[in-house]
Amino acid sequence: PAMLPNDSAVISSEAVCVSDDGTLIGGNVYYNKKSNGRHFNSMPCLWRLGSSAVLLPVLDDLPGGEINARISHISGDGKWLVGWGTPGSGNYTACRWRVNAAPPDWDQPEELALMSGTTNSCASGVNQDGSIIVGNCANVTTAGYVASATIWDGNNINLQPRDIAVILQNYG
């Protein structure tokens with residue numbers, strides 16, 4: 001689109017993932033957050049492929065934030081999207097979107113639980129049916145962005161996510 005629901009002009013866009021059947025492409029559209037043109041925010045979007053590409057409605061961000069969310073991956077069956085949003089805390093937070101019946105109808109984003117002691121997270125992958133989600137949970141420190149590889153149970157996103165390094169250590 002030329003304009004987004006927040007009345008901002010689209011500056012650029014990217015495609016980042018595709019469903020297994022190739023009919024649904026996930027991506028992000030970018031807009032200028034500041035008047036100096038040096039700070040871009042994004043909104044997640046989808047295109048449906050058929051005889052032509054059709055842009056579906058732009059997806060919502062987590063409530064309370066500055067409208068800055070991204071899609072990272074789409075499940076193989078095309079029913080789950082994962083990425084991150086910006087809730088009222090202002091920290092990037094892993095979330096997922098679920099199709100409601102069939103695209104273009106998507107539910108509001110659902111926030112994924114943070115690993116204990118972390119403040120930021122991002123979901124970067126999801127399996128075929130949405131039951132396993134991977135990404136990272138992190139803190140921003142003076143040393144930079146300190147992250148741990150993370151796995152969420154897609155069937156219960158309120159459960160504490162697991163640190164993949166700890167899982168591997170337990171397998172010796």
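As a convention, each chain's residues are numbered from 1 in the sequence order in which they are written. Two thresholds apply to this predicted model, a pLDDT of at least 70 for residue-level local features and 80 or more for giving and counting side-chain atom pairs, whereas whole-chain, interface and lining totals are computed over all residues. The side-chain figures draw on all heavy atoms in the structure; neither hydrogens nor water molecules are used.

Undergrad: Looking at this structure, I do not really get the confidence of the model for the protein. What am I missing?
TA: Low pLDDT marks stretches whose predicted atomic positions should not be read closely. Taken over all residues, the pLDDT of the protein has a mean of 88, while the share at 70 or more is 94%. Between the elements of the protein, mean pLDDT differs from a low of 80, seen in strand β4 (residues 53-55), to a high of 97, seen in strand β9 (residues 120-126). The score called pLDDT rates the predictor's confidence residue by residue, from a low of 0 to a high of 100. Numbering of helices and strands starts at the N terminus; helices are DSSP runs of H or I of at least 4 residues and strands are runs of E of at least 2.

Undergrad: Explanation requested: the side chain of Ser-42 in the structure shown.
TA: Of note, Ser-42 is situated in strand β3 (residues 40-49). A polar contact is formed between the side chain of Ser-42 and the side chain of Arg-70, at a distance of 3.1 Å. For Ser-42, the residues in contact, after removing those within four places along its chain, are Asn-28, Val-29, Tyr-30, Tyr-31, Ile-67, Asn-68, Ala-69 and Arg-70. Distance and chemistry together define a polar contact, namely a pair of N or O atoms within 3.5 Å, with one atom able to donate a hydrogen and the other to accept it when in protein, and with adjacent residues in sequence counting only for side-chain atoms on both sides. Whether two residues touch is decided by their heavy atoms; if any such pair falls within 4.5 Å, the residues are in contact.

Undergrad: Got a minute to help me understand the packing of aromatic side chains in this structure?
TA: Two numbers describe a pair of aromatic rings. These are the distance of the centres and the angle of the planes. When two rings of Phe, Tyr or Trp (its six-membered ring) have centres within 6.5 Å they constitute a pair, described as stacked for plane angles under 30 degrees, edge-to-face for angles over 60, and tilted for the intermediate range. Considering all chains together, one arrives at one aromatic pair under this definition. Here Trp-84 and Tyr-92 contribute two aromatic rings whose centre-to-centre distance is 4.1 Å and whose plane-to-plane angle is 50°, an arrangement assigned as tilted.

Undergrad: Sorry if this is basic, but what is going on with the pairing of strand β1 (residues 10-18) here?
TA: Within a regular strand, the side chains alternate between the two sheet faces. Whether two strands pair comes down to DSSP finding at least two bridges between them. Relative to strand β2 (residues 24-32), β1 runs antiparallel, the two sharing seven bridges. Note that in β2 the partner of Val-18 across the bridge is Ile-25. Linking β1 back to β2 in an antiparallel pair, the connection comprises five residues, with Gly-22 at a positive phi of about 80°.

Undergrad: Explanation requested: the pattern of salt bridges in the structure shown.
TA: Close approach of charged atoms allows side chains with opposite charge to pair. One speaks of a salt bridge when a side-chain nitrogen belonging to Lys or Arg is within 4 Å of a carboxyl oxygen belonging to Asp or Glu. All chains considered together, the criterion is met by two salt bridges. A salt bridge links Arg-96 to Glu-110; its shortest N-O distance comes to 2.8 Å. Note that Arg-96 is positioned in strand β7 (residues 93-98) and Glu-110 in strand β8 (residues 110-111), a separation of 14 residues in sequence. Arg-98 is the partner of Asp-107 in a salt bridge, and the nearest nitrogen-oxygen pair spans 3.0 Å. A simple rule labels every residue: compare its accessible area, found with a 1.4 Å probe on the protein chains alone, to the largest value its type can have, and call it buried under 20%, exposed over 50%, or partly exposed in between. Residue Asp-107 is classed as partly exposed on the basis of its relative accessible area, which comes to 23%.

Undergrad: Explanation requested: the sheet that holds β3 in the structure shown.
TA: Adjacent strands of a sheet form backbone hydrogen bonds with each other and so pair up, either parallel or antiparallel. Judged by pairing direction, the sheet is antiparallel, and its four strands sit side by side in the order β1-β2-β3-β4 without closing on themselves. Each of the sheet's edge strands pairs with one partner strand only, and the pair in question is β1 and β4. With direction set aside, neighbouring strand axes in the sheet form an average angle of 30°. Alignment of β2 against β3, held across nine bridges, turns out to be antiparallel. Paired with Leu-24 across the two strands is Arg-48, which belongs to β3. Lines fitted to C-alpha atoms define the axes, with helix axes restricted to the stretch in contact, and inter-axis angles between N-to-C directions lie between 0 and 180 degrees.

Undergrad: How should the sheet that holds β8 be read in this particular structure?
TA: The antiparallel open sheet is built from four strands, whose spatial order is β5-β6-β7-β8. Two strands in the sheet have a free side with no partner beyond their single neighbour: β5 (70-74) and β8. The pairing of strand β6 (residues 80-85) with β7 spans six bridges and is antiparallel. By the bridge assignment, Leu-81 is partnered in β7 with Trp-97.

Undergrad: Would you mind going over the environment of Ser-19 with me for this structure?
TA: Looking at the element boundaries, Ser-19 is found in the loop between β1 and β2. C-alpha of Ser-19 to C-alpha of Gly-76: the two residues are 57 residues apart in sequence and 4.9 Å apart in space. Residues contacting Ser-19, with those up to four places away along its chain left out, are Leu-24, Ile-74, Ser-75, Gly-76 and Gly-78.

Undergrad: Explanation requested: the nonpolar core in the structure shown.
TA: Generally speaking, soluble globular proteins have nonpolar side chains that are buried together. Remark: nonpolar core denotes a set of buried residues (Ala, Val, Leu, Ile, Met, Phe, Trp, Tyr, Cys) joined through side-chain atoms within 4.5 Å. One finds Leu-24, Leu-46, Leu-59, Ile-71, Leu-81, Trp-97 and Trp-106 to be the most contacted residues of the largest nonpolar core, which totals 14 residues. Mapped onto this core, the elements with two or more residues apiece are β5 and β7. Formed by eleven residues, the second largest nonpolar core is a distinct cluster that contains Trp-80, Val-82, Ile-133 and Ile-157.

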